[in-house]
Each structure stands twice: as structure tokens, then as C-alpha cells.
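# Geometric and topological summary
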Amino acid sequence: FNTFSTYPFRRIFFDNNYTETFSKGPIIVEDDVWIGTDALILSGVKLSRGTVVAAGSVFVKSTEPYSIVGGNPAKFIKKREIVC
């Protein structure tokens, strides 16, 4: 409460040993994935092959192959039909 911000400016900019990370890993997007407008995909999530992502969804977990997912947080809706 005695500084102008609660953000750790001193630790980040003046501490040479600062190594804190805020990532849970890379975002992996496999082949044939459709991502709707304004979808938010958080770090550490894998969108498996053939996944369809609904617009405006928030992803915190990885998906199953050929699934349709959406919502906040994103949930499995149904399996995609694969037509050869």
C-alpha cells in the first residue's frame, strides 16, 4: 500500500535473477482445427486434430480429436462426423 502500484516493478526490472514465468506451456494447434472469432486459448492447451472451436470460447483444457467444443469454460459438445 505504500507504492503507486501493486505490480512487482522492482523485482522484474532491477533483480537480475528474476526468472518467474507465468506460462503453463506452449499452445499446440494440430492439423484441421477451426477456431471461431474471439476464442481465448490459455497456455498449456493442446487443440487436437480436427477440433472445431466455437466463437467466444475460453479454453483451459486440451481437446479430444475430432470434437466440437465451446463455452466459458469450453466444454465438449459433440463428436464431429468424419466423411470420407
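Summarised in this report is the structure supplied together with it. (Residues numbered from 1 in each chain as written. Predicted model: local features only at pLDDT ≥ 70, side-chain atom pairs only at ≥ 80, totals over all residues. Heavy atoms only, no water.)

### Overview of the overall build of the chain
From N to C terminus, the chain includes one helix and eight strands. Taken over C-alpha atoms, the radius of gyration comes to 18 Å for the chain, far larger than the 12 Å a tight globule of 84 residues would show. Along the first, second and third principal axes, the C-alpha atoms of the chain reach 60 × 25 × 15 Å. A buried classification covers 20% of the 84 residues belonging to the chain. Across the chain, the mean location of the 10 positive side-chain charges is 6 Å away from that of the 8 negative side-chain charges. (Helix = DSSP H or I, 4+ residues; strand = E, 2+ residues; numbered from the N terminus. Rg over C-alpha atoms; globule rule 2.2 N^0.38 Å. Buried < 20%, exposed > 50% of the residue type's maximum accessible area, 1.4 Å probe, protein only. Lys, Arg positive; Asp, Glu negative; His and termini not counted. Charge placed at Lys NZ, Arg CZ, Asp CG, Glu CD.)

### Details of the sheet that holds strand β2 (residues 34–35)
What the four strands build is an open sheet, ordered β2-β5-β7-β8; its pairing is mixed. In the strand order of this sheet, the two ends are held by β2 and β8 (74–79), each with one partner. Taken together, the five bridges between strand β7 (residues 67–71) and β8 define a ladder with antiparallel strand orientation. Within β8, the residue paired with Gly70 across the bridge is Lys75. (Pairing = 2+ DSSP bridges.)

### What to know about the packing of aromatic side chains
As enumerated under the stated definition, the model contains zero aromatic pairs in all. In this arrangement the basic side chain of Arg80 is found over the ring face of Trp34, its NZ or CZ atom lying 5.8 Å from the centre. (Phe/Tyr/Trp six-rings, centres within 6.5 Å; stacked < 30°, edge-to-face > 60°. Lys NZ or Arg CZ within 6 Å of the ring centre and 35° of its normal.)

### Focus on unusual backbone geometry
Cis geometry is found at the peptide bond from Asn72 to Pro73, where omega equals -5°. In this fold, Pro73 is placed in the loop between β7 and β8. At Asp38, a residue that is not glycine, the phi angle is positive and equals roughly 60°. Relative to the helices and strands, Asp38 resides in the loop between β2 and β3 (40–41).

### What to know about the pairing of β7
Taken together, the two bridges between strand β5 (residues 52–53) and β7 define a ladder with parallel strand orientation. If you follow Val52 over to β7, its bridge partner there is Ile68. Between β7 and β8, which follow one another and run antiparallel, lie two residues.

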